[in-house]
Amino acid sequence: YKGKYFYSTLNYSEKLYYQRMFESAERFEDKVDTEGLDMSKVDIYKVVCALRYDNPQFFYLSNSTSYDMERPPVAAKKTQKQLEAAADKVVSKALQYSDIKERAKYIHDAIKDMTAYSAWGDETNGRADGPLLWGSARCEGYGHAFAYLCQRAGIDAVCVTGFGATGSHLWNSIRIGNEWYHVDVTFDENFGYEYFCVDDAYIKLDHVAEDIERVVMRFNHWLRDPENRKQFLAPYQGRMELSIGTK
């Protein structure tokens, strides 16, 4: 996890909490050891977002503002084995392409071929197992599946949240060489390759990405309290960005 994008954006204490969450998630544990860490609700949610956007393999974690197992451990372990087996079938073929862009394109196409878009459904609809195991997903499922397969195929990939032409949306960014490019498999269900490996200028024509601070501010109900909101916003005044940035 130390080479992952959102992990690299965290401070020392946040990274420690990320590490503990990562290890708990790998062990399918429903709690995280916070001993020795002074973490506010805002800090926790920020790190939860970073963990989730970096690690689509943790399909069993919820979209909560804190660390939370969405599925029972026994069921999650069973699904994980099924997910890995399904992913390996795609990845083994993707790895036949030495060119990273072509490898990502194969994954992009495979997800489109196996998935029917559905805005409704249970939690699988917004996770990597939606496309790979059940053949149905909304944008979150498309994005998590794409990132999951890319990472297994040796491609740096993250999930990006924000807004698309139809409202709240999730898509991906992948790194090719030293540059990050956007991929929106969901939109490409209707537009071919219109949103495959496009740059910031192009994606901003009809997408607005949010960094983690903005995501936290938008979703965290704790921030509805004026004093809590004031505490959170103070360090970020004047420097909130609307992109994940490049490295």
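Look above for the structure.
**As for empty space enclosed by the protein**
- This model, assessed by the stated rule, comprises three cavities of 30 Å³ or more.
- Estimated volume of the largest cavity: approximately 90 Å³.
- As for the largest cavity, its lining consists of Met21, Val48, Leu51, Arg52, Asn55, Phe58, Leu61, Ser62, Ser66, Tyr67 and Asp68.
- Counted by class, the lining of the largest cavity contains six nonpolar, three polar and two charged residues.
- Approximately 50 Å³ is the volume attributed to the second largest cavity.

**Considering the pattern of salt bridges**
- Per the counting criterion, the structure on display carries nine salt bridges.
- A salt bridge links Glu123 to Arg71, with the nearest nitrogen and oxygen atoms 3.9 Å apart. Placement of Glu123 in the loop between β1 (116-117) and α6 (129-134) and of Arg71 in the loop between α3 (41-54) and α4 (73-94) is noted, with a sequence separation of 52 residues between them.
- Residue classification places Glu123 among the partly exposed residues on the basis of a relative accessible area of 30%.
- Residue Arg71 is classed as buried on the basis of its relative accessible area of 8%.
- Connected through salt bridges with shared partners, the residues Arg71, Glu123 and Asp129 form a single ionic network.

Conventions used here
Residues numbered from 1 in each chain as written. Predicted model: local features only at pLDDT ≥ 70, side-chain atom pairs only at ≥ 80, totals over all residues. Heavy atoms only, no water. 1 Å grid on protein atoms, 1.4 Å probe; cavity = no way out; pocket = protein on both sides within 12 Å on 5 of 7 lines; lining within 4 Å. Points joined across faces, edges and corners; volume = space filled by probe spheres on them. Nonpolar A, V, L, I, M, F, W, Y, C, P; charged D, E, K, R; others polar. Salt bridge = Lys/Arg side-chain N within 4 Å of Asp/Glu carboxyl O. Helix = DSSP H or I, 4+ residues; strand = E, 2+ residues; numbered from the N terminus. Buried < 20%, exposed > 50% of the residue type's maximum accessible area, 1.4 Å probe, protein only.

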